[in-house]
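The primary structure of each chain is shown beneath.
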Amino acid sequence: MVDGTAAARAADAFGTVCTAMVTPFTDTGALDLDGAAALATHLVDAGNDSLVISGTTGESPTTTDDEKYELIRAVGGAVGSRARIIAGVGSFSTEHSVELAKQANKAGAHGVLIVTPYYSKPPQAGILHYMETVATAGDLPAMLYDIPGRSAVPITTDTLVRLAEHPSILAVKDAKGNLYESSWVMSRSDLAYYSGEDALNLALLAHGAIGVVSVVAHVCPGAYARMVHAAAAGDFDAARAAHFETLPMVRAIMTRMQGAIAVKAALEAQNVLANRLVRSPLVSATTDEVLTLTDDLKQNGFL
């Protein structure tokens, strides 16, 4: 079971209040490094101590390896030692993920996020080999990303317990939606858990998670910081109050359109991003979708 030393090691590596950051683009669709630096600064100023760069919300499938490298450099240069930079390096190819992990280390990332290989539906033995290989290659603290809704295959409890034996694998970003199985992993290993599903943040924190990797925290980062810190202090009345504060934004961001699309529209409305452009095959929020989202932001005090 995760003890105080293991939790502290993970918190030092990954922080506890983390936003899975979107990747800003210019009006012509080019990578906007100045926009990325400004967004990262905004999020850290608001209470984040960690940022995931080039995760799914960061549109990693449609950014090049060179762009991923430049993003890490730009964000790291902007926030300095005030936040941990976690690079998304997972893909459906072990070889490619290994190269991304090495690149992340070279670019100055503090850790890596390794998603379950998607589309090919590997067996658990394949997932085990993939995760261990990528974690070793990166030579950085590694967080596993368990999200069967996108990868099609979960990381089973037994596989997670075995992966916990790897010296670099410290944590799990959990978007499996199965609190029972997550609790089993926490009881059988020293893996630190982070909620990767905003609707279940409070529930997973109550089960023993030490932090969140959030999409919705883009628009209400202060509330998420209060929730995580209150839960860590055992003050679940305060954590619950912050959770209730974020519920309307979870509905607005995560249930009405794809997450990256919604977050960019919300950040544009808040004047944090210059535009809401996403890369194909995603499409930017429509005028009607923006109006609905803006109304949600206004009604709940986030605009």
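The structure under discussion appears in the preceding block.
The notes below deal with the structure included here. (Residues numbered from 1 in each chain as written. Predicted model: local features only at pLDDT ≥ 70, side-chain atom pairs only at ≥ 80, totals over all residues. Heavy atoms only, no water.)

**Here's the deal with the environment of Gln-270**
Here's step 1: Mapped onto the secondary structure, Gln-270 falls in the loop between helix H12 (259-269) and helix H13 (287-299).
Here's step 2: For Gln-270, a relative accessible area of 18% corresponds to the buried category.
Here's step 3: Sequence spacing of Gln-270 and Val-219 is 51 residues, and the spatial spacing of their C-alpha atoms is 8.2 Å.
Here's step 4: Leaving out residues up to four positions away in the same chain, Gln-270 has contacts with His-218, Val-219, Leu-297, Phe-302 and Leu-303.
Here's step 5: Engagement of the side chain of Gln-270 in a polar contact is seen with the backbone oxygen of Val-219, the distance being 3.4 Å. (Helix = DSSP H or I, 4+ residues; strand = E, 2+ residues; numbered from the N terminus. Buried < 20%, exposed > 50% of the residue type's maximum accessible area, 1.4 Å probe, protein only. Contact = heavy atoms within 4.5 Å. Polar contact = N/O pair within 3.5 Å; in protein donor to acceptor, adjacent residues only side chain to side chain.)

**Re the packing of aromatic side chains**
Here's step 1: With the rule as written, the count across this model stands at three aromatic pairs.
Here's step 2: Centre to centre, the rings of Phe-14 and Tyr-194 are 6.3 Å apart; their planes meet at 90°, and the pair counts as edge-to-face. Placement of the pair is Phe-14 in helix H1 (residues 4-14) and Tyr-194 in strand E7 (residues 192-195), with a sequence separation of 180 residues.
Here's step 3: Judged by its relative accessible area of 0%, Phe-14 is buried.
Here's step 4: Given the relative accessible area of 1%, Tyr-194 is considered buried.
Here's step 5: Taking 6.3 Å as the distance between ring centres and 85° as the angle between the ring planes, the aromatic pair formed by Tyr-180 and Trp-184 counts as edge-to-face. (Phe/Tyr/Trp six-rings, centres within 6.5 Å; stacked < 30°, edge-to-face > 60°.)

**Observations concerning the sheet that holds E7**
Here's step 1: Taken in spatial order, the eight strands close into a barrel running E1-E2-E3-E4-E5-E6-E7-E8, and their pairing is parallel. When strand polarity is set aside, the average angle formed by the axes of neighbouring strands in this sheet is 25°.
Here's step 2: Relative to strand E4 (residues 111-115), strand E3 (residues 84-88) is paired through three bridges, and the arrangement is parallel. Its bridge partner being in E4, Gly-88 is matched across the sheet by Leu-113.
Here's step 3: Its contacts with the sheet put helix H5 (residues 124-138) on E4, strand E5 (142-146) and strand E6 (169-174), and the angle it makes with E4 is roughly 160°. (Pairing = 2+ DSSP bridges. Axes fitted to C-alpha atoms, helices over the stretch in contact; angles between N-to-C directions.)

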